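What the coordinates show
These are the residues of each chain, in order.
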Amino acid sequence: MFATAKIISLKNPELQIAVYDTQSETSSAKPVLFFVHGLGLNSLFWKYAVQHLMNDFRCIAIDLPGHGESWQQRGNFSMSFFALVVRSIIEEMKLHDVTLVGHSMGGQISLIVALQMPAVVNRLVLVSSAGIETFTDDEAQKIIQGAEYLYKTPADVNHILSMYAPHFSMHADRVREMADDHILQSTERFSVYNELIIASIKGMLAEPVFKFLPELRQPVLVLYGENDRLIPNKWVHAMMTIQQVADTAKRQIVNSEARIIPLAGHYLPFEQPVALAENVQQFFSGTKS
């Protein structure tokens, strides 16, 4: 698994970001998987999947600003801001031939980075990704209003656990583990956590990437859990299915394949880490030059 986080100081933007890396100074070079977590999560979200991937890959994960060990690092929390952070870390670490793996909001961020760094990001894995589903202005406003209402007051531990529990088809015992960081931030750092959540949701809606999807030339693997309750957004697209979202991604992205993973919801890497690892390994083998 990951060793203790290394703090990398960036100049642009001027931030200190927690980075986890499975490669030690003495280990041999392996293909790079660079993991970008979703909203309100952190790098530990990937830990079960990394256990099944680290023998074959160098696995790197970061805590985005406002999250995990980088929670004190601030910014405007737009998708461009997060993408700049990811890009700067990749450049600072002098990485090349990178396979980006992004979950939910991290998928939307990874899409931007892949478009900006086509010579460095050679493959892209989108897991329960935002950025594929589109919204009208009225729908976007409804989502923002709903989020502002939902996060206007701190939630108690039982309420937070009840929010996460319906998203698990497998490994219900991991619900508390999944929710722990949310519990910590919502109960002890509510004001900054609220700022992060609302600003990031606004950022996702303000910077849609859908129209740029046909510009991607890297091989792209799209994975969604069959029981995803967050995508498509149930507040505004109650009749849309996850299969429709996956099919849209397949149509829009030239060199892509889309798969629906059984017995998994939005937090697929926590529920079905073996399935995720197997899909990533097959995808990498099939696109290796």
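Everything below is about the structure shown above.
Attention here is on the structure that accompanies the text.

1. A short note on the sheet that holds strand β6 (residues 121-127)
- Pairing is mixed in the open sheet, where eight strands are placed in the order β1-β2-β4-β3-β5-β6-β7-β8. This sheet does not close on itself; its edge strands, each paired only once, are β1 (6-9) and β8 (256-261). When the angles between neighbouring strand axes are averaged without regard to direction, this sheet yields 25°.
- With six bridges joining them, strand β7 (residues 220-225) and β8 adopt parallel strand pairing. What sits directly across from G225, in β8, is I261.
- Where helix α2 (residues 79-92) meets the sheet, its contacts fall on β1, β2 (16-21), β3 (32-36), β4 (58-62) and β5 (98-103), and the angle it forms with β3 comes to roughly 155°.
- Its contacts with the sheet put helix α10 (residues 273-287) on β3, β5, β6, β7 and β8, and the angle it makes with β6 is roughly 150°.

2. A word on the pattern of salt bridges
- In total, this model carries five salt bridges according to the counting rule given.
- D21 is the salt-bridge partner of R58, the closest N and O atoms lying 2.6 Å from each other. Placement of R58 in strand β4 and of D21 in strand β2 is noted, with a sequence separation of 37 residues between them.
- Measuring nitrogen to oxygen at the nearest pair gives 2.4 Å for the salt bridge that ties E257 to R259.
- Overall, the relative accessible area of 28% leaves E257 in the partly exposed class.

3. Observations concerning the nonpolar core
- Counting 59 residues, the largest nonpolar core has F34, V86, L100 and I109 as the members making the most contacts within it.
- Here this core gets eight residues from one element, more than from any other, and that element is α2.
- Grouped together as the second largest cluster of nonpolar side chains are 37 residues, W46, V127, A277 and F284 included.

4. With respect to unusual backbone geometry
- Following N12, the chain continues to P13 via a peptide bond in cis, the omega torsion being -5°.
- Take P13: it is sitting in the loop between β1 and β2.
- In this structure, P232 follows I231 across a cis peptide bond, with omega equal to -5°.
- Following the sequence through the fold, P232 ends up in the loop between β7 and α8 (242-252).

5. Side note on the pairing of β6
- Counting buried positions along β6 gives six out of seven residues, so the element sits mostly inside the fold.
- Across six bridges, β5 lies against β6 in parallel orientation. Bridge pairing links T99 to R123 in β6.
- Crossover handedness for the path β5 to helix α3 (residues 105-116) to β6: right-handed.

6. What to know about α10
- For α10, built from 15 residues, the straight-helix expectation of 21 Å at 1.5 Å per residue is met to within 8% by its first-to-last C-alpha distance of 21 Å.
- The complete set of buried residues in α10 reads P273, A275, L276, A277, N279, V280, F283 and F284.

Cut-offs and rules
Residues numbered from 1 in each chain as written. Predicted model: local features only at pLDDT ≥ 70, side-chain atom pairs only at ≥ 80, totals over all residues. Heavy atoms only, no water. Pairing = 2+ DSSP bridges. Helix = DSSP H or I, 4+ residues; strand = E, 2+ residues; numbered from the N terminus. Axes fitted to C-alpha atoms, helices over the stretch in contact; angles between N-to-C directions. Contact = heavy atoms within 4.5 Å. Salt bridge = Lys/Arg side-chain N within 4 Å of Asp/Glu carboxyl O. Buried < 20%, exposed > 50% of the residue type's maximum accessible area, 1.4 Å probe, protein only. Core = buried A, V, L, I, M, F, W, Y, C linked by side-chain atoms within 4.5 Å. Right-handed = clockwise from strand over helix to strand, strands pointing away. Expected span 1.5 Å × (residues − 1).

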